[in-house]
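Understanding the architecture of this molecule
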Amino acid sequence: MACSASSIYCPNPNTISLSNGVVSDSNRLFGTKNSFFLGSKLVSKATRITARPEPVTLSGSYPISAESRSFDVVIIGAGIIGLTIARHFLIGSDLSVAVVDKAVPCSGATGAGQGYIWMVHKTPGSDTWELAMRSRKLWEMLVESICDQGLNPLEVLGWKKTGSLLVGRTPEELDKLRRRVKQLSEAGLRAECLCSSDLLLEEPELMVGEDSGAAFLPDDCQLDAHCTVAFIEKANRHFASEGRYAEFYNDPVTCLLRSGSSWEVEGVQTTKSTLYGKAIVVAAGSWSGSLMHDLLRDSNIQLDVPIKPRKGHLLVLENFDALQLNHGLMEVGYVDHQTGTQFPTISASEPYDDRQALSVSMTATLDAMGNLVLGSSRQFVGFSSEVDESITNRIWKRAGEFFPKLQDFPLSCFSKSRKVRIGLRPYMLDGKPVIGSVPGLSNVFLATGHEGGGLSMALGTAEMVADMVLGNPGTIDHAPFVVQGRCC
């Protein structure tokens, strides 16, 4: 299958050392490799269409590109969600996959995050718990497979078992932590509640008062998003030599394509290409809602995906060795700020307002390269990605309240060795990602709205989407994440 050098990456297969030995028992995960599910019908792979009649666009306003390609699955979005969905199809079936993005991988929320694969701030029994637990297991399986190949997960993924500490400083917070540790332990995780003296032994640099304590999960891990995305891309590109994988970056999707006789979507039109696909997956993060609105503008499908971009700042101090950290830390307030319980309700139709509540809660970790990563902020200010120095200063000040040694260093001292990461988290109003088929468009699927948990829920989401497309029974219940009733 020919590839266009201007829009598709086709690597030399001899340069790829990592292939598909990542998830064992792929037949169990994916079922038959000879057919796949679209809506209510099972389509034989032998019927794959390579030459199609002239399509009709939903909007009717875009010309059809002379360059047309056919795939089984077209994924819109090259963040961690989109790329892991592609990976899951590639390693567990013989389907062909295209990944399309208006920019490049790691240019959105994925590349701006802290890389936590943590359970300490998650609540057993919540709607997202099983998805997070399944993802955690799949990450561990991936790490084991990397080790089996004689590679170092720290070098490949930036993977570290740091353990996590959820720190409280009042009697009320300590009560909350005790209850959380009990829940986590009953859910099967190693968890313990540390008193002030034990906490000080774990983190000598932390300011620990009489009422301080922490929930401690020694098995929690973190990774580096850029390393991880590079690894997944490299593994995915192995399948380009088989004609099963292609990337279309810096190539925005402009409209959906449908057949002239039905509303079934047959592909997407980008600025450069026409990409036919039997299944379309929209995994465009914070832009998923506005993208679906634009794609369906002139159709008879009424769908409002109520995703809001939730802006976050992270402060990164490179090669910072003045502070010893033994684990990853976050304060108890991070949990409420993550779920949005500290904010006024933002309705789906409400315009953005710069005066919406801003939260800053302490998070601190050392990444794989020894950089100190401090956070984090949350606010609703639309799609702005500008750095706000007042927020950066608040992050530094908040960190200093937990680590007094930082108070000895004005932030201005690090003008040459600091970076600020800005990310737009895809926030759903009910706090859960939306994963499932679009009502009225049985072969169009959404996988978005993970807020700050994209990395931690990515592999479980990928498995869930693949099961939906292939018609396989799911490993976990997908009912909490359906589109119906949540996107009007």
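Details of the structure are given in the entry above.
Residues numbered from 1 in each chain as written. Predicted model: local features only at pLDDT ≥ 70, side-chain atom pairs only at ≥ 80, totals over all residues. Heavy atoms only, no water.

**Let's talk about the sheet that holds strand E8 (residues 192-194)**
Quick reminder of the rule: By this definition, two strands are paired if DSSP reports at least two bridges between them. By definition, any uninterrupted DSSP run of H or I lasting at least four residues is a helix, any uninterrupted run of E lasting at least two residues is a strand, and each is numbered from the N terminus. Axis geometry follows a simple rule: fit a line to the C-alpha atoms, using only the stretch in contact for helices, then measure angles between N-to-C directions, giving values from 0 to 180 degrees.
Across the sheet, 8 strands lie side by side as E8-E9-E7-E16-E17-E18-E15-E19; this open sheet has mixed pairing. The sheet is open, and its two edges are formed by E8 and strand E19 (418-428), each paired on a single side. Across this sheet, the average inter-strand angle for adjacent strands is 25°, counted without regard to direction. Pairing geometry for strand E7 (residues 164-168) and strand E9 (residues 213-217), over 5 bridges, is antiparallel.

**Focus: the state of the cysteines**
Convention followed: A pair of sulfur atoms, both from cysteines and within 2.5 Å, is called a disulfide here. Only protein chains enter the accessibility calculation, which uses a 1.4 Å probe. A residue is then buried if its area is under 20% of the maximum for its type, exposed if over 50%, and partly exposed in between.
Per the counting criterion, the structure on display carries 0 disulfides. With no disulfide of its own, cysteine 106 lies closest to cysteine 227 among cysteine sulfurs, the gap being 9.3 Å. Cysteine cysteine 195 is unpaired, with the sulfur of cysteine 193 as its nearest cysteine sulfur at 8.4 Å. Since its relative accessible area comes to 38%, cysteine 195 is described here as partly exposed.

**Re the packing of aromatic side chains**
Stated formally: Put simply, two rings from Phe, Tyr or Trp (the six-membered ring, in Trp's case) pair if the centres are within 6.5 Å, and we call them stacked under 30 degrees between planes, edge-to-face over 60, tilted for the rest.
In the structure shown here, the tally under the stated rule is 8 aromatic pairs. Ring geometry for phenylalanine 71 against phenylalanine 248: centres 6.2 Å apart, planes inclined by 85°, an arrangement best described as edge-to-face. In this pair, phenylalanine 71 sits in strand E4 (residues 68-76) while phenylalanine 248 sits in strand E11 (residues 245-248), placing the two residues 177 residues apart along the sequence. For phenylalanine 71, a relative accessible area of 2% gives the class buried. Residues tyrosine 116 and tryptophan 118 carry aromatic rings whose centres are separated by 3.7 Å and whose planes lie at 20° to one another, so their mutual orientation is stacked.

**Some words on unusual backbone geometry**
Cis geometry marks the peptide bond from glycine 375 to serine 376, where omega comes out at -10°. Mapping serine 376 onto the fold places it in strand E18 (residues 372-378). Of note in the backbone geometry, asparagine 250 takes a positive phi value of approximately 50° without being a glycine. Of note, asparagine 250 is situated in the loop between E11 and strand E12 (253-258).

**Description of helix H11 (residues 389-402)**
The condition that has to hold: Here the expected length of a helix is defined as 1.5 Å per residue gap, with one fewer gap than residues. Whether two residues touch is decided by their heavy atoms; if any such pair falls within 4.5 Å, the residues are in contact.
The terminal C-alpha atoms of H11 lie 20 Å apart, and with 14 residues this matches the ideal 20 Å at 1.5 Å per residue to within 8%. Listed as buried for H11 are Ile391, Thr392, Ile395, Trp396, Ala399, Gly400 and Phe402. Packed against the buried residues of H11 are E7, strand E15 (307-317), strand E16 (328-331), strand E17 (359-366), E18 and E19.

**Quick notes on the packing of helix H2 (residues 80-92) against helix H12 (residues 454-470)**
Note the cut-off: Reported orientations rely on four angle classes, namely roughly parallel under 35 degrees, roughly antiparallel over 145, roughly perpendicular from 65 to 115, and oblique for the rest. In this scheme the crossing of two helices becomes right-handed for a clockwise turn of the near helix relative to the far one and left-handed for an anticlockwise turn of less than a right angle. Asp, Glu, Lys and Arg are counted as charged, while Ala, Val, Leu, Ile, Met, Phe, Trp, Tyr, Cys and Pro are counted as nonpolar; the rest, among them Gly, fall into the polar class.
The geometry of H2 relative to H12 is characterised by a closest axis approach of 8 Å and an angle of 45° between their N-to-C directions. By the angle class used here, H2 and H12 are oblique. Considering only the axes of H2 and H12, their crossing is right-handed. Across from Ile80, Ile81, Thr84, Ile85, Arg87, His88 and Phe89 in H2, the residues of H12 making contact are Gly454, Leu455, Ala458, Leu459, Thr461, Ala462, Glu463, Val465, Ala466, Val469 and Leu470. Here the residues of the contact of H2 with H12 sort into 12 nonpolar, 4 polar and 2 charged.

**With respect to the side chain of serine 164**
How we decide: A 3.5 Å cut-off defines polar contacts: any pair of N or O atoms within that distance qualifies, except that in protein one atom must be a possible hydrogen donor and the other a possible acceptor, and neighbouring residues in sequence count only when both atoms are side-chain atoms.
Positionally, serine 164 belongs in strand E7. Owing to a relative accessible area of 0%, serine 164 belongs among the buried residues under this scheme. There is a polar contact of 2.5 Å between the side chain of serine 164 and the side chain of aspartate 220. Sequence-distant contacts of serine 164, that is, excluding residues within four places in its chain, are made with Trp118, Val120, Ala215, Phe216, Leu217, Asp220 and Gly328.

**Regarding the nonpolar core**
To keep it simple, the criterion reads: Residue types Ala, Val, Leu, Ile, Met, Phe, Trp, Tyr and Cys, when buried and joined through side-chain atoms within 4.5 Å, form a set referred to as a nonpolar core.
In terms of nonpolar packing, the biggest core is built from 72 residues, with Ile85, Phe89, Val97, Val99 and Tyr245 touching the most fellow members. When residues of this core are assigned to their parent elements, the largest contribution, 11 residues, is made by H12. Once residues lying within four places of it in the same chain are set aside, the contact partners of valine 99 are Ile75, Gly77, Ala78, Leu83, Ala86, Tyr245, Ala246, Glu247, Phe248 and Tyr249. In this structure, Ile76, Val253, Leu296 and Val305 belong to the second largest nonpolar core, which totals 31 residues.

**A short note on the pairing of E4**
Note the following rule: A right-handed crossover is one whose linking path, passing over the helix from the first strand to the second, runs clockwise when the strands point away from the viewer.
Among the 9 residues that make up E4, 8 are buried, leaving the element largely enclosed by the rest of the structure. Relative to strand E14 (residues 274-282), E4 runs parallel, the two being bridged by 8 bridges. Residue pairing for E14: isoleucine 76 is matched across the bridge by valine 282. For the crossover that starts at E4, traverses H2 and ends in the parallel strand E5 (residues 97-100), the hand is right-handed.

**Some points on the packing of helix H4 (residues 129-148) against H12**
Taken N-terminus to C-terminus, the directions of H4 and H12 make an angle of 95°; their axes are 7 Å apart at the nearest point. It follows from the interaxial angle that H4 and H12 lie roughly perpendicular. Here H4 contributes Leu131, Ala132, Arg134, Ser135, Arg136, Leu138 and Trp139 to the contact with H12, which in turn contributes Leu455, Ser456, Met457, Ala458, Leu459, Gly460, Thr461, Glu463 and Met464. Residue composition of the contact of H4 with H12, grouped by class: 9 nonpolar, 4 polar and 3 charged.

**Side note on H2**
Between its first and last C-alpha atoms H2 spans 18 Å; for 13 residues at 1.5 Å apiece the expected length is 18 Å, and the two agree. With respect to burial, H2 is a largely interior element, 13 of its 13 residues being buried.

**Focus: the pattern of salt bridges**
Rule in force here: The term salt bridge refers to a pairing of a side-chain nitrogen on Lys or Arg with a carboxyl oxygen on Asp or Glu at a separation within 4 Å.
Summed over the entire model, instances satisfying the criterion amount to 20 salt bridges. Across the pair aspartate 175 and arginine 178 runs a salt bridge whose closest N-O atoms are separated by 2.8 Å. Of this pair, aspartate 175 and arginine 178 both sit in helix H6 (residues 171-186), 3 residues apart, roughly one helical turn. Judged by its relative accessible area of 37%, aspartate 175 falls in the partly exposed class. Looking at arginine 178, the relative accessible area reads 46%, which means it is partly exposed. With a closest N to O distance of 2.7 Å, aspartate 219 and arginine 190 form a salt bridge. Residue aspartate 219 is found in the loop between E9 and strand E10 (221-222), and its partner arginine 190 is found in the loop between H6 and E8; the two are separated by 29 residues along the sequence. The buried category is assigned to aspartate 219, whose relative accessible area is 19%. Note on arginine 190: relative accessible area 52%, which makes it exposed.

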